[in-house]
Amino acid sequence: MTPQIRALFVHLLTATGAVFAMLAMLAAVDENWSLMFLWLVVAFAVDGVDGPMARKYDVAKFAPQFDGVLLDLIIDYLTYVFIPAYALFKSGLLPGWTGWIAIIVITYGSAMYFADTRMKTEDKSFSGFPGCWNMVVLVLFATQPNFWVILVLVCSLAAAMFVPIKFIHPVRTKRWRALSLPMALAWTVFAGWAAWEDFRPESWLHWGLIATSVYLVLAGALQELFPLKPGKSASPGKSGKA
């Protein structure tokens, strides 16, 4: 197989996320939340593997006719932001005006964040909360806290997109990757399993889902609190998208 064909196949793999997004949206319209999240988890898994493959097969060099970064951002906005926001609004977890506030701050704030050229740090982490609303909303469906807790959490994370707090990328952030990558894989398994079981409230899976979510949210901030000694790695700072 030629390098050009391998690189093209990576783009084709990334594009399957659009199909999974449509399948998730169709399930959401039917209010089949478990099926919707299962499709989003599949899209999340694809998003986790296509990046390393794109770098391995150098798609920018061997398939430059397609912009992999743009393709990825389009699909990410659908699967990470738009569909989860719709599900949160229609689920009844946020009644009345609270649901309108949530979908506005999620969709509007995320659109601005995804267009921010400073969203990546030098160590390939994210500067600000990276708009992973698919993960947030799935945990909310599983745990179903009080609507005030949900509203405060949503507004806080939306604001955190524009605060210079680091959030790790489980694959690309090298520091603690030996722990971060298994945590992300475990989250994917817990999330898929919880959706498969229709978010049964008594399921022990929810504790694993919460524990892995807390780590993925706080790991970047902890790395900033306990920085490496000078000379061991570049200090975090904003740079262009990678």
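Everything numeric in this text was worked out from a predicted model, so none of it was measured.

**What about the overall build of the protein chain?**
Scanning the protein chain for helices and strands turns up 9 helices and 4 strands. Starting at the N terminus and walking to the C terminus, you meet the elements of the protein chain as α-α-α-α-α-β-β-α-α-β-α-α-β. The C-alpha radius of gyration computed for the protein chain amounts to 18 Å, which stays within 12% of the reference 18 Å derived for 242 residues, consistent with globular compactness. Reported as C-alpha extents along the three principal axes, the dimensions of the protein chain are approximately 50 × 45 × 35 Å. Expressed as a percentage of its 242 residues, the buried residues of the protein chain come to 44%. Excluding contacts between residues fewer than 6 apart, the proportion of contacts in the protein chain whose partners are at least 24 apart in sequence is 79%. Carbon and sulfur atoms provide 71% of the accessible area of the protein chain, an area that totals close to 12,500 Å². Measuring between centres, the 18 positive side-chain charges of the protein chain sit 12 Å from its 15 negative side-chain charges.

**What about the environment of Gly131?**
Positionally, Gly131 belongs in the loop between β2 (126–127) and α6 (133–143). Here Gly131 falls in the buried class, since its relative accessible area comes to 0%. Spatially, the C-alpha atoms of Gly131 and Ser110 are 5.9 Å apart, while their sequence positions differ by 21 residues. In contact with Gly131, not counting residues within four places along its chain, are Tyr80, Val81, Phe114 and Met161.

**A word on helix α5 (residues 97–114)**
Spanning 18 residues, α5 covers 26 Å between terminal C-alpha atoms, matching the ideal 26 Å at 1.5 Å per step. Taken together, the buried positions of α5 are occupied by Thr98, Gly99, Ala102, Ile103, Ile106, Gly109, Ser110, Tyr113 and Phe114. Around the axis of α5, the buried residues are gathered within 165° of arc, so they sit on the same side. Every exposed residue of α5 that faces more than 90 degrees away from the buried side is listed here: Trp97, Trp100, Ile104 and Tyr108. Of the surrounding secondary structure, the elements contacted by the buried residues of α5 are α4 (68–91), β2, α6 and α7 (147–160).

**Side note on the packing of helix α2 (residues 33–56) against helix α8 (residues 177–196)**
Two numbers describe how α2 lies on α8: the axes approach to 8 Å, and their chain directions differ by 160°. As the angle between them shows, α2 and α8 are arranged roughly antiparallel. Helix-helix and strand crossings are classified by hand; for α2 and α8 the assignment is left-handed. Contacts between α2 and α8 pair Ser34, Phe37, Leu38, Val41 and Phe44 from the former with Trp187, Thr188, Ala191, Gly192, Ala195 and Trp196 from the latter.

Each value, and the rule that gives it
Residues numbered from 1 in each chain as written. Predicted model: local features only at pLDDT ≥ 70, side-chain atom pairs only at ≥ 80, totals over all residues. Heavy atoms only, no water. Helix = DSSP H or I, 4+ residues; strand = E, 2+ residues; numbered from the N terminus. Rg over C-alpha atoms; globule rule 2.2 N^0.38 Å. Buried < 20%, exposed > 50% of the residue type's maximum accessible area, 1.4 Å probe, protein only. Contact = heavy atoms within 4.5 Å. Areas by Shrake-Rupley, 256 points an atom, 1.4 Å probe, with all protein chains shown as cover. Lys, Arg positive; Asp, Glu negative; His and termini not counted. Charge placed at Lys NZ, Arg CZ, Asp CG, Glu CD. Expected span 1.5 Å × (residues − 1). Arc of directions from axis to C-beta. Axes fitted to C-alpha atoms, helices over the stretch in contact; angles between N-to-C directions. Parallel < 35°, antiparallel > 145°, perpendicular 65-115°, else oblique. Left-handed = near helix turned anticlockwise from the far one by under 90°.

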